[in-house]
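Summary of structural features
In case you want the letters, here they are:
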Number of protein chains: 4
Amino acid sequence: MTEKIIILKKRFGLVGDNFNKEKILKNLPGNYAIGHNRYSTTGSTTLRNVQPFFADTNAGGIGVAHNGNLTNAITLRKKLVEDGAIFYSTSDTETIVQLIAKSKRKKTIDKIVDALFQIQGGYALVMLTQKILIGVRDPFGIRPLVIGKLKNSYIFASETCALDIIGATFLREVENGEIVYVENNSLKSIKPFPLKKPRPCVFEYIYFSRPDSILNGKCVYEYRKDFGKELARESDVDADLIVPVPDSGNAAAIGYSQHVKKYFDLGLIRNHYVGRTFIEPVQKIRSLGVKLKLNANKSTIKNKKIVLIDDSLVRGTTCHKIVKMLYDSGAKEVHVRIASPEIKFPDFYGIDTPTKKELLAANKSNDEICKYINAKSLKFLSVDGMYRAMGFKKRNNTYPQLTDHYFTGDYPIKLIDNLGDDKVTQLSLLSTASNN
Amino acid sequence: MTEKIIILKKRFGLVGDNFNKEKILKNLPGNYAIGHNRYSTTGSTTLRNVQPFFADTNAGGIGVAHNGNLTNAITLRKKLVEDGAIFYSTSDTETIVQLIAKSKRKKTIDKIVDALFQIQGGYALVMLTQKILIGVRDPFGIRPLVIGKLKNSYIFASETCALDIIGATFLREVENGEIVYVENNSLKSIKPFPLKKPRPCVFEYIYFSRPDSILNGKCVYEYRKDFGKELARESDVDADLIVPVPDSGNAAAIGYSQHVKKYFDLGLIRNHYVGRTFIEPVQKIRSLGVKLKLNANKSTIKNKKIVLIDDSLVRGTTCHKIVKMLYDSGAKEVHVRIASPEIKFPDFYGIDTPTKKELLAANKSNDEICKYINAKSLKFLSVDGMYRAMGFKKRNNTYPQLTDHYFTGDYPIKLIDNLGDDKVTQLSLLSTASNN
Amino acid sequence: MTEKIIILKKRFGLVGDNFNKEKILKNLPGNYAIGHNRYSTTGSTTLRNVQPFFADTNAGGIGVAHNGNLTNAITLRKKLVEDGAIFYSTSDTETIVQLIAKSKRKKTIDKIVDALFQIQGGYALVMLTQKILIGVRDPFGIRPLVIGKLKNSYIFASETCALDIIGATFLREVENGEIVYVENNSLKSIKPFPLKKPRPCVFEYIYFSRPDSILNGKCVYEYRKDFGKELARESDVDADLIVPVPDSGNAAAIGYSQHVKKYFDLGLIRNHYVGRTFIEPVQKIRSLGVKLKLNANKSTIKNKKIVLIDDSLVRGTTCHKIVKMLYDSGAKEVHVRIASPEIKFPDFYGIDTPTKKELLAANKSNDEICKYINAKSLKFLSVDGMYRAMGFKKRNNTYPQLTDHYFTGDYPIKLIDNLGDDKVTQLSLLSTASNN
Amino acid sequence: MTEKIIILKKRFGLVGDNFNKEKILKNLPGNYAIGHNRYSTTGSTTLRNVQPFFADTNAGGIGVAHNGNLTNAITLRKKLVEDGAIFYSTSDTETIVQLIAKSKRKKTIDKIVDALFQIQGGYALVMLTQKILIGVRDPFGIRPLVIGKLKNSYIFASETCALDIIGATFLREVENGEIVYVENNSLKSIKPFPLKKPRPCVFEYIYFSRPDSILNGKCVYEYRKDFGKELARESDVDADLIVPVPDSGNAAAIGYSQHVKKYFDLGLIRNHYVGRTFIEPVQKIRSLGVKLKLNANKSTIKNKKIVLIDDSLVRGTTCHKIVKMLYDSGAKEVHVRIASPEIKFPDFYGIDTPTKKELLAANKSNDEICKYINAKSLKFLSVDGMYRAMGFKKRNNTYPQLTDHYFTGDYPIKLIDNLGDDKVTQLSLLSTASNN
């Protein structure tokens, strides 16, 4: 074929479970591709909500994949439907695609700018046309996006670890509010938005990014060790062993143990048959309990005073079970230390947090939480401690350096679709009763 | 749920192979439904082209299923894309849905009329909104649509045999150019188009409809027997046995044999493991050959002079093989008689005919065809014979009573998307490289 | 590979639905093969009961496929288990395989003879070793088996129609009590059993064989036309139309109509989406009712006196529904004529008949049946009429020419596993709760 | 049902991927069950080789699941086939089942003893009859088997971690040469074999068992920390960081770091999407390379002298890639320390080791290996160091306390099926060309 076409494949599940066979990959010829994988959420799912989304506009085809969440997607969608647009999904990403298709500008890149000026929220986008590959990061740079290079090809990815796997070199992060695109094999950049200071999401540093990824020039693992060191500085306690909740608390526990010069030890063993609870698709499997995933290392913890370290505390259900498991296995004392502040506010920029009602620290005092999880003592890292661990002197309350509403309630972008406290839903995580 | 929702399920294959389990049907609650099954065509298929199509308009949701083919769908689609519409399929039916969504009229029924005034071609449509069930037949009534009743419910179906299966009563045909709809359980009718005489597709009588369906007050089987009788009148020959190509030629052969008072006999046996060639999805299975499907009844045909009857002759490949099979099994003479005229022109209103190049009678004389199929003699029913069998005195060449372009080249509706003789494709039968 | 291996593939469903793709067939290299397809029965099924069966004996591997049913399989199986044999299925065929494996004879063919002398019942077997292909028919020749040739290769098949499909020549039937085998590409024959007159199963002629197959030198279709003619001779009645139950009654109805010189017509139309009821695997689909399968041809039968012909009457439920359907569609009179005698006794040689309790004619008089099916009149072909139609003067009651216990109760082989009238089950049709 | 039946289900893949839905579990009623999961091996696999195996003997049904490998299975199998037995798999476990079925003893437990006296090798067996649940460990206790209790029910499992998951209490290990069985809810024990000292497989301590399982009274994790401490004692080196190969080297690295009082740090990050290489079923996925599984933690290791710890070294390919990855990411020195001795001999008692040809230490000197993996230095734990870490003074060369042939070549059980050095295969890991 002389004319380039865009081929679209959608599947449920992980990339590696779907695009793994030679036969499948042979059906995907071409030089450029975009892909997307979203961690699943509660409720039913439908293939129509799976990314990327595609539109055949009068400037040619365009595919769009989106990490993040728009805060005015429902409002925009209503207007578009009134105007005769047909939506095939409930995803906020389709709103972006419809806005691009609707633009009266001639060039694809201009159509995209047109659309971006209408949307609000946290987003990193990768797009593909028959001619160019595009990467976009929202004006605050809430969601991450990096640029790599392999031989003569440019690569956009959410995290640098993706570049390592394929042997590509990490060039730089896409900046906040920047549109980069690859045209005729050269990399171009425009910044159409009013300039703002970057304000990346702190939860990428605390929990979401892979520890071997590089953010702002340093391994995420090192940030996490530093959260642990700062935590030790703020709230050390007499103990025999520093024990992580594996693997989420590993780095912080190592940092903590190095600071206090006490033994780091694996008091809990992770069963590698079972995946990360956050990413499992079926509610039932998630609730099978911590036992399937973790088991106490009895001989190691017996009669020991333990500092148990985790990266964050959301609902507290897992922590509750782990503390019980440690005491049942003979621990003398269990002191819980959390390497981030109390999470009191849900996210609407793309992280699948539970509603405020389910956030333990939004509803209980430190003492109440300590009692609920049945620990000997409980301490969280302070907000300023978190900023210190990240190299700032302290939080700049006028122009905060990070998107940190989880702990402060300070949302950088207005929640336009918000219908009242707990009624806000992230459209990007929705699914519908009907599916194809 | 207090608000009614529309549930959409698409599958490949026959209805009975997909919607057959209690578990599946339980997921489809509700009082009204529309469904669709399309015979498959060459080329790859994609779930996105499977009907019904659905749109969420500002007057509520609407589902559309379509039998037939539009002749100006590509032209309309181009304009809609220029205006920012996003198409998710290559089906002409989606064009209808987009036109409905675009209409500025307030009531759904008015939006539909708006859309119908823009489309051209042969079509029977059934549509479902949260409130009404709608049936539409094109201004000429090319494609069939009937109304039935079961207890207090109205039913629309392509053929009356569907009503028989569920025990419903046949009320009447939807008329050409009529829109009927069921609202608050009562049947309403409007006729928005300029009035025209009906001109139904004659191929429904000859081949497509099931023999037990009723068209225009009479069983299709009886029409076919009458084609056979008229054929006997025009072109009888000395013979021992009248043998049908089973099952397509059964009725015509019985009619022929009753007229000439010679033995009707099953000289060919059909293997019921293998389905109708027309409907099989995989090209390979279609080409496995006639042998899998038919076998000669050796003791019956040995040393006999045979009149072999079929309903129509398209490519002639099957007929060629059958004549050879009869001679190989000991037949003395094989005279082929076809119960319809020579097919010289392809269809663009929804019947999946091959291109003109592949239509045997478009490219060869009667003698050449007879030689190709290796028969002792060959006769087709004449065009006027066909009209006589259907109760007309003869064809009215000014206002033909039937859509009969297959034989005459007289297309009742302009082929707007036509790009030259054999380049015309029926958009409704298209499929694309990309699928989800 | 220098040494020949035997490859075994088992699947549920029809051969054509499983062994249909090039990829699958490529995995089955080799020059000789045996296959098997069994019509499904009530109850659950398990892959372990699917044929062929295979054993790795000390004379090499042997695969066995079996049409028919043993009457002493349970008895033999008990003894084998006591002796330490492990059975993996509930099939009677595995009993044959175990007996072959147990034989102390050296040559495979001798091991087979050893095993055959121990089994009783109706059977046609095909077997495959690394060196020879074997076909066997039981001493009475109850079940059919034919030999064909294609180029230099020999083929065994249950019916001659299988030879036609692949273009092979029909050589002859395997004789009753004969073992034929292909060794070094030449056909050999032995007859180890005491000689008996053949006594083939009459139900193959009446119902089971395909009409285009040849039995005893004549098409099955012709036998069935002759049953119809004999039936006409015995029990004609005043009528307008001779209507078959399609397709089982087609041949008999044509014979009947030719004898009485009245119009044969298709008063019932068969829906080709739905398969032969006998062969459908799911009970639910079987009970969806006659309507899905047959529909009345209203214009044709209205106000007509009809003779309705079928090949046999088993439970009577379908016949009951058809007669009702004809009257509902306007028939004036419906006279039922059955082209075989009353079925009063179940089969234990491989035909899946219902138990005696369910056989209508085993429990009701002719008048009672006529009343149950609501016909104007009802007649069956007489036993002697059946023998006359097959070319005999009459039944030889001392040495009956056919296996005809269905009508006479005269079972040619003792029912050793029989546990009382209706408790006899055909082991070959059994299935178990456990499956792999 | 009054009579108990045994239900058998076999599937490919992990237990949790197959027996995970309520619907499936509902089909498995009953009070006792046995299950089995085998790590997959090279070559094709067939459902017929999947455990448990089942036989219907004259003392009733019996199911058998087997961890380990017999060393005389081929020899026994040949004799059984000569005697007429039919094998349905290539598994050595079926040999055990056939021997049980063949036994002339009356009681099931006696049949089992009969069979056990004939087999040789390493085995832990669990068996289920309609009345009793049985657990067996081979005379040396090579393969592990433990007894747990949950309420009134007894449980057998390979490792204690399985008991923890379901909340059962660990009672004791089954002893070497012991048969325990649960009859009428009470636990019975017999020891039919001549008494021997236990000689458990040391590889369970080094690699195979889960770290949270208890062997011989202590967590496996603690044994592994002790291997690391002993290793540090024998071969410390100047370094900045102690880095494990995650997760196999974690415990040893922590032990090592505690002994030398240097920082333990995660210099390599494990990607949790990808499973343990040992257990992956498809060769291709295994060879996708270390990158998918591990990534270097650049900021952490840059300019550091590193001691890299792993539990064992088999082929050396992964180690080679990891050392390169560390140097590529900026490490100054990489010293490899292996927490077990050099593996020079393959296993035939149930561990899937490669052939001698592929065992790196069987073919190269320490210097050659160090050069191959490109490390600054390389040391293995000594054999006596390994015994010391396990609490012995040193290896007793007359009566070794452990099954340690991997390092010493001292096989406790004769390899009867052995056909020459590298031709020995573990029958239990075989698969065949044919499958069902």
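Residues numbered from 1 in each chain as written. Chains lettered and ligands numbered in written order. Predicted model: local features only at pLDDT ≥ 70, side-chain atom pairs only at ≥ 80, totals over all residues.

With that settled, the discussion passes to the overall build of chain A. On a plain count of helices and strands, chain A comes out with 16 helices and 18 strands. In chain A, which comprises 436 residues, the proportion classed as buried is 47%. Restricting to contacts in chain A with at least 6 residues of sequence separation, those with at least 24 account for 69%. (Helix = DSSP H or I, 4+ residues; strand = E, 2+ residues; numbered from the N terminus. Buried ≥ 20, exposed ≤ 12 C-beta atoms within 10 Å, placed from the backbone. Contact = placed C-beta atoms within 7 Å.)

Time to look at the relation of the copies chain A and chain B. For the pair chain A and chain B, the relating rotation is 180°, the translation along its axis is 0.1 Å, and the fit reaches an RMSD of 0.0 Å. The superposition of one copy onto the other is thereby described by a two-fold rotation axis. Within chain A, Ala85 of chain A has its C-alpha nearest the rotation axis, a separation of 3.2 Å. A shared binding surface is used by both copies, with 96% of the interface residues of chain A retained as interface residues in chain B. (Least-squares fit on C-alpha atoms with pLDDT ≥ 70 in both.)

Quick look at the sheet that holds strand β13 (residues 263-264) of chain A now. All names here are of chain A. If you trace the five strands from one edge of the open sheet to the other, you get β13-β12-β16-β17-β18, paired in parallel fashion. Each end of this open sheet is capped by a strand with a single partner; those strands are β13 and β18 (377-380). Two elements, strand β12 (residues 241-244) and β13, share two bridges in a ladder whose sense is parallel. Bridged to Leu241 within β13 is Tyr263. (Pairing = 2+ DSSP bridges.)

This paragraph deals with the pairing of strand β17 (residues 333-338) of chain C. Residue and element names in this part refer to chain C. Counting buried positions over the six residues of β17 gives five, a clear majority of the element. In terms of strand pairing, strand β16 (residues 305-310) meets β17 through six bridges, oriented parallel. Across the sheet, Lys305 pairs through a bridge with Glu333, a residue of β17. One crossover worth recording links β16 to the parallel β17 by way of helix α12 (residues 317-328), and it is right-handed. (Right-handed = clockwise from strand over helix to strand, strands pointing away.)

Facing the 23 residues of chain A at the interface are 22 residues of chain B. Elements with a minimum of two residues in the side of chain A that touches chain B: β1 (53-57), α3 (73-82) and α4 (92-102) of chain A. For the side of chain A that touches chain B, the per-class residue count stands at 13 nonpolar, six polar and four charged. (Nonpolar A, V, L, I, M, F, W, Y, C, P; charged D, E, K, R; others polar.)

On to the environment of Gly249 of chain A, then. Residues and elements named next belong to chain A. Position of Gly249 among the secondary structure elements: in the loop between β12 and α9 (250-260). In this structure the C-alpha to C-alpha distance between Gly249 and Val174, which are 75 residues apart in sequence, comes to 29 Å. For Gly249, the residues in contact, after removing those within four places along its chain, are Pro244, Ile309, Asp310 and Asp311.

What follows concerns the nonpolar core. The biggest cluster of nonpolar side chains holds 435 residues, and the ones touching the most others in it are Leu308 of chain A, Leu308 of chain B, Leu308 of chain C together with Leu308 of chain D. Ignoring any residue separated from it by four or fewer positions in sequence, one finds Leu308 of chain A in contact with Val243, Val245, Ile322, Val323, Leu326, Val334, His335 and Val336 of chain A. (Core = buried A, V, L, I, M, F, W, Y, C linked by C-beta atoms within 7 Å.)

Residues and elements named next belong to chain A. Each domain of chain A was delimited in the assignment, giving domain 1 (15-198) and domain 2 (223-272 + 282-406). Relative placement of domain 1 and domain 2: their C-alpha centres are 34 Å apart. Contacts between the two partners involve 13 residues from domain 1, matched on the other side by seven residues from domain 2. Residue assignment for the side of domain 1 that touches domain 2 shows that the elements contributing at least two residues are β2 (60-70) and β3 (121-129). In terms of residue count, the dominant contributor to the side of domain 1 that touches domain 2 is β2 (three residues). Counted by class, the side of domain 1 that touches domain 2 contains three nonpolar, eight polar and two charged residues. (Domains from an automatic or database assignment.)

Before going further, it helps to spend a moment on the sheet that holds β17 of chain C. One open sheet accounts for five strands, arranged β13-β12-β16-β17-β18 (chain C); its pairing is parallel. In this open sheet, the two edge strands, each paired with only one partner strand, are β13 (263-264) and β18 (377-380) of chain C.

Residues and elements named next belong to chain A. On average, residues of chain A carry a pLDDT of 86, and 85% of them reach 70 or more. Every residue in residues 274-288 scores below 50 in pLDDT, and together they form 13 contacts with partners more than four places removed in sequence or on other chains. Low pLDDT (under 50) marks residues 421-425, which in the prediction has 10 contacts with non-local residues, meaning those over four places away or in another chain. Taken together, the chains of this predicted complex give a pTM of 0.80 and an interface ipTM of 0.85. (pLDDT = per-residue confidence, 0-100.)

Another point: the environment of Glu230 of chain B. Residue and element names in this part refer to chain B. The residue Glu230 is located in helix α8 (residues 220-235) in this model. Classification of Glu230 by C-beta neighbours within 10 Å gives buried; the count is 24. Expressed as a C-alpha distance, the spacing of Glu230 and Ala252, which sit 22 residues apart in the sequence, is 9.3 Å. Each residue touching Glu230, except ones within four places of it in the same chain, is listed here: Leu381, Gly385, Arg388 and Ala389.

Cis peptide bonds are those with omega within 30 degrees of zero, and the linkage from Pro246 of chain A to Asp247 of chain A qualifies with -10°. Turning to its location among the elements, Asp247 of chain A is positioned in the loop between β12 and α9. Located in the positive-phi region is Lys261 of chain A, a residue other than glycine, with phi close to 55°. On the neighbour-count criterion, Lys261 of chain A (8 C-beta atoms within 10 Å) is exposed. Even without being a glycine, Asn303 of chain C presents a positive backbone phi close to 65°. When you line up the elements, Asn303 of chain C lands in the loop between α11 (298-301) and β16. By the C-beta count within 10 Å, which is 8 here, Asn303 of chain C ends up exposed.

Glancing now at the packing of helix α3 (residues 73-82) of chain C against helix α4 (residues 92-102) of chain C. All names here are of chain C. Where α3 meets α4, the closest approach of the two axes is 10 Å, and the angle between their N-to-C directions is 50°. Looking at the two axes, α3 sits oblique to α4. At the point where α3 passes α4, the crossing takes the left-handed sense. Here α3 contributes Ala73, Leu76, Arg77 and Leu80 to the contact with α4, which in turn contributes Asp92, Thr95 and Gln98. Each residue belonging to the contact of α3 with α4 can be placed in one class, and the counts come to three nonpolar, two polar and two charged. (Axes fitted to C-alpha atoms, helices over the stretch in contact; angles between N-to-C directions. Parallel < 35°, antiparallel > 145°, perpendicular 65-115°, else oblique. Left-handed = near helix turned anticlockwise from the far one by under 90°.)

All names here are of chain C. The interhelical angle for the contact between helix α8 (residues 220-235) and helix α9 (residues 250-260), taken along N-to-C directions, is 45°, at an axis separation of 7 Å. With respect to their mutual orientation, α8 and α9 come out oblique. Remark: the crossing between α8 and α9 carries right-handed chirality. Where α8 approaches α9, its residues Tyr221, Arg224, Lys225, Asp226, Phe227, Gly228, Lys229, Leu231, Ala232 and Arg233 are matched on the opposing element by Ala251, Ala252, Ala253, Ile254, Gly255, Tyr256, His259 and Val260. Taken together, the residues that form the contact of α8 with α9 break down as 10 nonpolar, three polar and five charged.

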